[in-house]
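Breakdown of the fold
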Amino acid sequence: MESKNATVIGLQWGDEGKGKIVDALAGTSRYVVRYCGGANAGHTVTVGSERFALHLIPCGILHKDVMNVIANGVAFDPEVAVDEIKGLQDRGVHIGADNLSISSTAQVVMPWHKQQDLLSEQQLKDQKIGTTARGIGPCYSDKANRSTAVRVADLLDEKTLTQKIRFIATIKNRIFAALYEAEPMDIDAIVEQYTRLGRDLSPMVRNTGAMLRDAFDNAQRILFEGGQGSMLDVDHGTFPFVTSSSVSACGVPGGAGVPPKAVGHVVGILKAYTTRVGAGPFPTEQDNDTGEYIRRKGKEFGTTTGRPRRCGWLDTCVVKYTSDLSGVDELALMLLDVLSGLDEIKICKAYTYKGKTVKDFDPALMGQVECVYETLPGWSEDLTNCKRLEELPANARSYIARISELIDRPVGIVSVGPGRKQTIANQTQIEGLT
Ligand code: IMP
């Protein structure tokens, strides 16, 4: 039987607008699952006149009858989670054990991870990765190291937690003193804080893998919510300028504890242009008036860190590669309205490397390729009230058609504004949107 599940992933360097599409699909899903990353993500959802910025809690929290799952692949920061839960509850959003589950085997972001993220970036100076400073890399490093890792289940057992914190924090204090001449952390304070956090969160901690496999066996609809963007994938992105988890759809089975078949219909989200935060190669970057125009009109400043995003033209070489990697079934083209008012729009359709056209995309060469652009005519009309494809200016429709052709996939959804209603469904195959 064909799975009803859906996976929503970013096809660029993150911030593509996944939150809006996840929100649109959440209403018809029984489970909404975060399987990668952590509080480095920032998903913005606009409901009526209200804007919600979610970092760790899945976007399904804004819907009734959805079980939101923070799965085993997430770097789970209990401090951020408790703050985010309280912030949402203060705004009238119900959150409890009946709509939020946290995997007992997810890795915990500890204070030393955040400190190490900051210290190591400071030490790298102009070689730095430009992380979100949320402790993501150090947390996943400890996962791989095993003996210095803390998992969610550890937070629930005061004795184990105390022993682990004392053992690990003593090692970290020595390392930080030797490498960065840092002051030692207050170990007792950490024990106290994390015991309290564990107590607050304990009702929601579960074996989420078993829960999701059971849901899959019973054909209950699961929506997997990607974090970041595929070019930040630790295996397939612009390494080392990437995040530390598997953020493409390839990361779903491992990150959620489900069989690969559970991935379902893969929706790839892309902006009508490209942005990137942090360091690393970005072939279509426009560090000029065009980039500034896009940044201002698209409000391109980080949801998590507030940093101005680097902006540039749409790179279809990137999006074709990331779509192929994840087996994307259809595209959702976001923020098309931002391009209104440009006389011409460029689209990168190929790369050359040492004068020759690049046939097979290689993320390792990203810093050395030259872009081959095609120039399309722009449009001046405001798109934000368009409800159907036919209402878009002819040049905007031609732009969409060319994107679809170059990426070799249907553009099922076009978004022309942040609101739930500013979404044009263009023969999408995604159940729940039509
Ligand atoms: P980290 O995930 O904080 O270690 O950051 C590594 C790289 O990924 C940096 O370039 C960050 O700016 C980028 N990054 C991490 N999370 C996001 C996100 O949600 N959107 C966009 N970029 C991100």
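The structure we're discussing is the one just above.
Residues numbered from 1 in each chain as written. Predicted model: local features only at pLDDT ≥ 70, side-chain atom pairs only at ≥ 80, totals over all residues. Heavy atoms only, no water.

1. Quick look at the site of the ligand
Selection criterion: We call a residue near a molecule or strand whenever a single non-hydrogen atom of that residue lies within 4 Å of it. Definition of a polar contact: a pair of N or O atoms within 3.5 Å, with one able to donate and the other able to accept a hydrogen when the atoms are protein atoms, and with sequence-neighbouring residues admitted only if both atoms are side-chain atoms. Using a 1.4 Å probe, accessible areas were evaluated by the Shrake-Rupley method; residue-level cover was limited to the displayed protein chains. Residues were grouped as follows: Ala, Val, Leu, Ile, Met, Phe, Trp, Tyr, Cys and Pro as nonpolar; Asp, Glu, Lys and Arg as charged; and all remaining residues, including Gly, as polar.
Around the ligand sit 16 residues in total, of which D15, N40, T132, T243 and R307 are the nearest. Contact between the ligand and N40: an oxygen atom at 2.9 Å from a side-chain N or O atom of the residue. Relative to its unbound accessible area of 470 Å², the ligand is 97% covered by the protein chains. Of the residues in the shell around the ligand, the class split is six nonpolar, eight polar and two charged.

2. Observations regarding the packing of helix 6 (residues 158-180) against helix 7 (residues 187-201)
Let me state the cut-off plainly: A fitted line through C-alpha atoms represents every axis, and for helices the fit uses only the stretch in contact; the resulting angles, taken between N-to-C directions, go from 0 to 180 degrees. Secondary structure elements follow DSSP: runs of H or I no shorter than four residues count as helices, runs of E no shorter than two count as strands, and numbering proceeds from the N terminus. Oblique is the label for every angle not falling under 35 degrees (roughly parallel), over 145 degrees (roughly antiparallel), or within 65 to 115 degrees (roughly perpendicular). Crossings are classed by handedness, with left-handed meaning an anticlockwise turn of the near helix from the far one by less than a right angle and right-handed meaning a clockwise turn. We call two residues in contact when some of their heavy atoms are within 4.5 Å.
Viewed as axis vectors pointing N to C, helix 6 and helix 7 meet at an angle of 140°, and their least axial separation amounts to 10 Å. One way to sum up the angle between helix 6 and helix 7 is to call them oblique. Crossing geometry of helix 6 relative to helix 7 is assigned as right-handed. In this structure, helix 6 contributes E158, L161, T162, I165, R166, A169, T170 and N173 to the contact, and helix 7 contributes I187, D188, I190, V191, Y194, T195 and R199.

3. A few points about the pairing of strand 15 (residues 330-334)
Across a regular strand the side chains alternate sides, sitting on one face of the sheet and then on the other. Quick reminder of the rule: Burial here depends on accessible area, computed with a 1.4 Å probe over protein chains only, as a share of the maximum for the residue type. Under 20% is buried, over 50% is exposed, and the range in between is partly exposed. In this scheme, strands are said to pair when DSSP sees at least two bridges between them.
Counting buried positions along strand 15 gives five out of five residues, so the element sits mostly inside the fold. Across the two faces of strand 15 the burial is the same, with E330, A332 and M334 and L331 and L333 all buried. Looking at chain direction, strand 11 (residues 265-271) and strand 15 are connected through five bridges and run parallel. Each bridged residue has a counterpart across the sheet, and for I269 the counterpart in strand 15 is A332. Two elements, strand 15 and strand 19 (residues 411-415), share three bridges in a ladder whose sense is parallel.

4. Some words on the pattern of salt bridges
Note the threshold: One side-chain nitrogen of Lys or Arg within 4 Å of one carboxyl oxygen of Asp or Glu is enough to make a salt bridge.
Applying the stated criterion across every chain, the model contains 21 salt bridges. A salt bridge links E374 to K349; the shortest N-O distance between them is 3.3 Å. Of the two residues, E374 sits in strand 18 (residues 370-377) while K349 sits in strand 16 (residues 344-353), which places them 25 residues apart along the sequence. Look at K349 and you get partly exposed, because its relative accessible area is 37%. If you follow the salt bridges from partner to partner, you end up with D15, K271, E300 and R309 in one network.

5. Here we look at the sheet that holds strand 20 (residues 423-425)
The mixed open sheet is built from 10 strands, whose spatial order is 9-7-5-2-10-1-11-15-19-20. Edge positions in the open sheet fall to strand 9 (205-206) and strand 20, since each of these has one partner strand only. By the bridge criterion, three bridges tie strand 5 (residues 67-70) to strand 7 (residues 100-103) in an arrangement that is parallel. Opposite N68, over in strand 7, you have L100 as the bridge partner.

6. Regarding the environment of I400
Along the chain, I400 falls in helix 12 (residues 394-407). Classification of I400 as buried rests on a relative accessible area of 5%. Distance in space between the C-alpha atoms of I400 and L335 is 12 Å, their sequence separation being 65 residues. Aside from chain neighbours lying at most four places away, what touches I400 is L333, L336, L389, L392, V411 and V414.

7. Some details on the environment of S29
Relative to the helices and strands, S29 resides in the loop between helix 1 (18-26) and strand 2 (31-34). A relative accessible area of 4% means that S29 is categorised as buried. Residue contacts for S29: discarding those within four places in its chain leaves D65, V66, R221 and L223. A distance of 3.0 Å separates a polar side-chain atom of S29 from the backbone oxygen of L25.

8. What to know about the pairing of strand 11
Of all seven residues making up strand 11, seven are buried, and the element is well covered by its neighbours. Where burial is concerned, the two faces of strand 11 agree: the one with H265, V267, I269 and K271 and the one with V266, G268 and L270 are both buried. The pairing of strand 1 (residues 6-10) with strand 11 spans five bridges and is classified as parallel. Its bridge partner lying in strand 11, T7 is registered against V266.

9. Thoughts on the side chain of E330
Along the chain, E330 falls in strand 15. Within the local environment of E330, its side chain forms a polar contact with the side chain of H265, the two groups lying 2.9 Å apart. Sequence-distant contacts of E330, defined by excluding residues within four places in its chain, comprise H265, V266, V267, G268, P410, G412, I413, T428, Q429 and I430.

10. Regarding the packing of helix 3 (residues 111-124) against helix 4 (residues 136-145)
Contact geometry of helix 3 with helix 4 gives a least axis separation of 7 Å together with a crossing angle of 120°. As judged from the angle between their axes, helix 3 and helix 4 are oblique. By crossing handedness, the relation of helix 3 to helix 4 is classed as right-handed. Facing W112, H113, Q116 and D117 of helix 3, the residues of helix 4 in contact are I136, P138, C139 and D142. Here the contact of helix 3 with helix 4 is composed, by residue class, of four nonpolar, two polar and two charged.

11. Concerning the packing of aromatic side chains
The line we're drawing: Pairing of aromatic rings covers Phe, Tyr and Trp, the last counted by its six-membered ring, and requires centre-to-centre distances within 6.5 Å; plane angles under 30 degrees mean stacked, over 60 mean edge-to-face, and any other angle means tilted.
Throughout the structure, instances matching the rule amount to five aromatic pairs. The interplanar angle of 20° and the centroid separation of 4.3 Å between the aromatic rings of Y321 and F361 together place this pair among those described as stacked. Separated by 40 residues along the polypeptide, Y321 in helix 11 (residues 316-326) and F361 in the loop between strand 17 (356-357) and strand 18 bring together distant segments of the chain. When the centroid spacing of 5.9 Å and the interplanar angle of 40° are considered together, the rings of Y351 and F361 count as tilted. Taken together, the residues span a long stretch of sequence, with Y351 in strand 16 and F361 in the loop between strand 17 and strand 18 at a distance of 10 residues. Considered together, Y351 and F361 belong to a single accessibility category, that of buried residues.

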